[in-house]
Amino acid sequence: MDDTDRAILRLLQSDASISLESMADRVSISVNTCWRRVKRLEEAGILSRRVALIDPEKVGLAQTVFVAIRTRDHSATWLQRFATAVQSIPEVIEFYRMAGDVDYLLKVQVRSVADYDRVYKALIARVDLADVSATFAMECLKNTTELPL
């Protein structure tokens, strides 16, 4: 990956709907070269997908909740059951296995605290957890999907 690839990735991170012609012009390469580079970045898995980003508040999902989870069971079987349960809950938009005091961290996007409670109850009904702690975001000060390339 060279500087031109990084420039292409920066443009796509900023606006995935940019035309090949505009992208090629902005990075000073031909349209065909630009297309080949984008295709190569996709085939290498560097460019994994292109999506539309939605403002959660404008679709009624204004409450962001960070959920810290601890478990007593660290077996592969438990993890598979837990991962399956979490992946079946559409309100969970990010899911991490952590190092440190917390075993797993979820980012949940819901309409309200009551809506989070519904998600919480659905989760604890599916898998045994030692501790679940929710932290409610008051204000988002920075939110980006753009990596610093």
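The residue numbering used here restarts from 1 in each chain and proceeds along that chain's sequence as written. Note on the predicted model: pLDDT of at least 70 is required for a residue's local features to be given, and 80 or more for side-chain atom pairs to be given and counted; whole-chain, interface and lining totals, by contrast, use all residues. To get the side-chain values, all heavy atoms of the structure are used, and hydrogens and water are removed first.

A. Fine view of the pattern of salt bridges. By salt bridge we mean one thing: a side-chain nitrogen of Lys or Arg within 4 Å of a carboxyl oxygen of Asp or Glu. For the structure shown, the criterion picks out 11 salt bridges. We note a salt bridge from Arg6 to Asp3, for which the minimum N-O separation is 3.7 Å. Of this pair, Arg6 and Asp3 both sit in helix α1 (residues 3-14), 3 residues apart, which is roughly one turn of the helix. Summary of the burial criterion: residues with accessible area below 20% of their type's maximum are buried, those above 50% are exposed, and those between are partly exposed, where the area comes from a 1.4 Å probe applied to protein chains only. You can call Arg6 partly exposed: its relative accessible area is 28%. Asp3 gets classed as exposed once you look at its relative accessible area, which sits at 61%. The way it works is that DSSP assigns letters per residue, a run of H or I at least four long becomes a helix, a run of E at least two long becomes a strand, and they are numbered from the N terminus.

B. Broad picture of the packing of α1 against helix α3 (residues 31-43). Packing of α1 against α3 brings their axes to within 11 Å, and their N-to-C directions diverge by 80 degrees. Put simply, α1 runs roughly perpendicular to α3. Between α1 and α3, the residues in contact are Thr4, Asp5, Ile8, Leu9 and Leu12 and Cys34, Arg37, Val38, Arg40 and Leu41, respectively. Each residue receives one of three labels: charged for Asp, Glu, Lys and Arg, nonpolar for Ala, Val, Leu, Ile, Met, Phe, Trp, Tyr, Cys and Pro, and polar for the others, Gly being one of them. Residue classes in the contact of α1 with α3 are distributed as 6 nonpolar, 1 polar and 3 charged. Lines are fitted to the C-alpha atoms to define the axes, a helix being fitted only along its stretch in contact, and any angle between axes, read from their N-to-C directions, falls within 0 to 180 degrees. In what follows, roughly perpendicular refers to angles from 65 to 115 degrees, roughly parallel to angles under 35, roughly antiparallel to angles over 145, and oblique to any angle outside these ranges. Working rule for contacts: check all heavy atoms of both residues, and any pair within 4.5 Å makes them a contact.

C. Broad picture of empty space enclosed by the protein. Grid points spaced at 1 Å and placed over the protein atoms alone form the basis of the search, with a cavity being a set where a 1.4 Å probe fits but cannot get out and a pocket an open set showing protein on both sides within 12 Å along at least five of seven lines. Lining residues have an atom within 4 Å of a point. Grid points are joined across faces, edges and corners, and a volume is the space filled by probe spheres set on the points. Applying the stated criterion to the full structure yields 1 cavity of 30 Å³ or more. Considered as a void within the structure, the largest cavity measures approximately 40 Å³ in volume. Lining the largest cavity are Val67, Val92, Leu106, Val108, Tyr116, Val119, Tyr120, Leu123 and Val132. Mapped onto the lining of the largest cavity, the elements with two or more residues apiece are β3 (104-110) and α5 (113-126). Broken down by element, the residue count for the lining of the largest cavity peaks at 4 residues, all from α5.

D. Inspection of the sheet that holds strand β1 (residues 63-70) at higher detail. A pair of strands counts as paired when DSSP detects no fewer than two bridges linking them. In space, the 4 strands of this open sheet follow the order β2-β3-β1-β4, with antiparallel pairing throughout. The strands lining the two open edges of the sheet, one partner per strand, are β2 (92-97) and β4 (131-136). Averaged over all adjacent pairs, the angle separating strand axes in this sheet is 20 degrees, with direction ignored.

E. Representation of the layout of surface pockets in the model. Approximately 1500 Å³ is the volume found for the largest pocket. Lining the largest pocket are 39 residues, and of these Val51, Leu53, Asn143, Thr144 and Thr145 sit closest to its centre. At the level of secondary structure, the elements contributing two or more residues to the lining of the largest pocket comprise α1, β1, β2 and β3. With 4 residues, α1 is the single largest residue contributor to the lining of the largest pocket. Its residues assigned to classes, the lining of the largest pocket shows 21 nonpolar, 9 polar and 9 charged.

F. Representation of the pairing of β3 in the model. The buried count for β3 comes to 6 of 7 residues, which makes it a mostly enclosed element. Note: β1 against β3, 7 bridges, orientation antiparallel. What sits directly across from Thr64, in β3, is Gln109. Where β2 and β3 come together, 5 bridges link them in antiparallel fashion.

Worth remembering: the numbers are spatial, not functional.
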